[in-house]
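Structural characterization, general
Chain residues, written in single-letter form:
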Amino acid sequence: MSVGGKSLGITVALMAVATICAGCSSVARTAIPATCVQPNVLDKPRGDRQPIDFSKLRQDPPPVYQLAPRDILGIYIEGVLGKSDEAPPVYMPQRWDDQGESIPPALGFPVPVREDGTISLPLIRPIFVNGLTVAQVEDEIRKAYTVDQRILQPGRDRIIVTLMRKRTYNVLVVREDTANQGYSRQGGGQRGMYEPIRAGITKAVELPAYENDVLHALAATGGLPGIDTKNQIKIMRGAFRSPEERDEFLRTLEDPATREEVLATGRKIQRIPLRVGPYDPPLNLTQEDIILNTGDIVFIESRDEEVFYTGGLLPGGQYPLPRDFDLDVLGAIAMSGGSIAAAVGGGGPGSGIGGGRGGVGGIFPPTRVIVLRNVNGQQVAIKLNLKTAMLNPEERILVQPNDFIILEYTPFETVMNILVNNTLLNLNLNDLGKR
């Protein structure tokens, strides 16, 4: 029985060796060694990018407030706009506005700055005030009533001009980042399956003049974008002109395909990166780039598609790719629950990557890694060896979005595992025969 068992075991082993050598993975045979791949195909570093100076997202206000259409002035002209025997009316606004700032009281009757930049007052022609300060407007009104028209006596006029209400800009902010950043495992205790904890918001904000910029819009809706968003802020200029058009845009966000179609329209889209690297174009932001106007949409888009996948002798799953630092293949294996200790001689039988998964044992752990990557619409297979990758940094390629990392045995490792397992099986059969 012992001799027959040995013969049967040797025959099975030889057949397995022949099958493995003849049917070696075609992907592995055609894969490009990691050290031979062109840099533009191999790596797109993320860790060399630095955050931009966020103060560049804030506009520089003038030293003194300058008037423009939709400002509301408080004006009192004794004997013309107000009776001489009555005190000027006092406007007491609410203590706080929508932005949490204190609003001082104002004197006079409300007079809006019209869309053509003028104000209309009794007995005189409209006065152009666009770009003037409150003090300058007061001088212009005094000149119109005492010099141009001589309605009031110079030196005895009583004219008061105050700023009753600043103009505001209605901006829509759409955020797909998280309130509590992180990822939760999906049900069943399944390793490697992650689902983002998402709490996106859509909010219409009223930004006062000289605060109608990107930084103030972000501050009014939760602060700077989280790490689960794309590395840019999109501004859709004049994207809606009415509440109905705004609601229609919000409905398109529910369908990713329609959303991409909307973003690909001819509307002007301003893109502002959040981090820049040494090889990126210089970030030259102008005031026009960061100033927001009524109808603009600030869009902070999630990066759900920036993931990588694992398979083969690694636990199969989908994992988020870090946005602001580089992740190489060894880090991705560790992130997916694998271990490289056995691959470099640090483990014993059964301690290989994947914990002996694959059905051929873990005495000789797997060391071949295949990275499937899509480059310009074509799949490229890149191969590397874990043992040499530990010593040669050039083989530790950086993981890119949608990479598929496969761990497998080399033909030699497979053959040796089969032979060793066959030997152990024969020894067990001999022990049974002796009994």
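Everything numeric here is computed off the predicted structure, so don't read it as measured data.

Remarks on unusual backbone geometry
One can expect most non-glycine residues to show negative phi and most peptide bonds to be in trans. Even without a glycine there, the phi angle at Y210 is positive, about 70 degrees. By the element assignment, Y210 lies in the loop between β13 (201-208) and α5 (214-219). With a relative accessible area of 19%, Y210 lands in the buried category. Notably, N402 is not glycine yet its phi reads approximately 70 degrees, a positive angle. Looking at where N402 falls in the secondary structure, it is placed in the loop between α10 (386-391) and β22 (404-408).

Quick look at the pairing of strand β17 (residues 297-300)
Of the two faces of β17, the one carrying I297 and F299 and the one carrying V298 and I300 are both buried. With four bridges joining them, strand β10 (residues 168-175) and β17 adopt parallel strand pairing. In the sheet register, V174 faces β17, and the bridge partner there is F299. With three bridges joining them, strand β14 (residues 232-236) and β17 adopt antiparallel strand pairing.

A look at the pattern of salt bridges
Tallied over the entire structure, the rule returns 12 salt bridges. One salt bridge connects D71 with R167, and the closest N-O pair in it is separated by 2.6 Å. Here D71 is found in the loop between β2 (50-51) and β3 (72-77), whereas its partner R167 is found in the loop between β9 (159-165) and β10, with 96 residues between them in sequence. Overall, D71 belongs to the buried group, its relative accessible area being 0%. Residue R167 is classed as buried on the basis of its relative accessible area, which comes to 6%. A salt bridge links E408 to R368; the shortest N-O distance between them is 3.0 Å. Residue E408 is found in strand β22, and its partner R368 is found in strand β20 (residues 368-375); the two are separated by 40 residues along the sequence. For the pair E408 and R368, one class covers both residues: buried. Via salt bridges that share partners, E138, D139, R142 and D157 belong to a single interconnected network.

Structural notes on the confidence of the model for the protein
Looking at the protein as a whole, the pLDDT averages 77, with 69% of positions reaching at least 70. Taken together, the stretch residues 1-5 has pLDDT below 50 and engages in three contacts with residues farther than four places along the chain or on a different chain. Overall, residues 179-183 carries pLDDT values under 50, and its contacts beyond four positions in sequence, including any with other chains, amount to 12 contacts.

Quick look at a nonpolar patch on the surface
On the surface, V90, M92 and L107 cluster together into a nonpolar patch covering about 280 Å² of accessible area. Of the residues examined, M92 reaches a relative accessible area of 59% and is grouped as exposed.

As for the sheet that holds strand β1 (residues 32-33)
The strands that make up a sheet pair up through hydrogen bonds in the backbone, lying either parallel or antiparallel. One open sheet holds the six strands; their spatial order is β1-β21-β20-β22-β18-β19, and the pairing between them is mixed. The open sheet has two edge strands, β1 and β19 (317-320), and neither has a second partner. As paired elements, strand β18 (residues 307-312) and β22 share four bridges and run parallel to each other. Looking across to β22, one finds that G312 is bridged to L407.

Calculation rules
Residues numbered from 1 in each chain as written. Predicted model: local features only at pLDDT ≥ 70, side-chain atom pairs only at ≥ 80, totals over all residues. Heavy atoms only, no water. Helix = DSSP H or I, 4+ residues; strand = E, 2+ residues; numbered from the N terminus. Buried < 20%, exposed > 50% of the residue type's maximum accessible area, 1.4 Å probe, protein only. Pairing = 2+ DSSP bridges. Salt bridge = Lys/Arg side-chain N within 4 Å of Asp/Glu carboxyl O. pLDDT = per-residue confidence, 0-100. Contact = heavy atoms within 4.5 Å. Patch = residues over 30% accessible without salt bridge, like charges linked within 9 Å, V, L, I, M, F, W, Y side chains within 5 Å. Areas by Shrake-Rupley, 256 points an atom, 1.4 Å probe, with all protein chains shown as cover.

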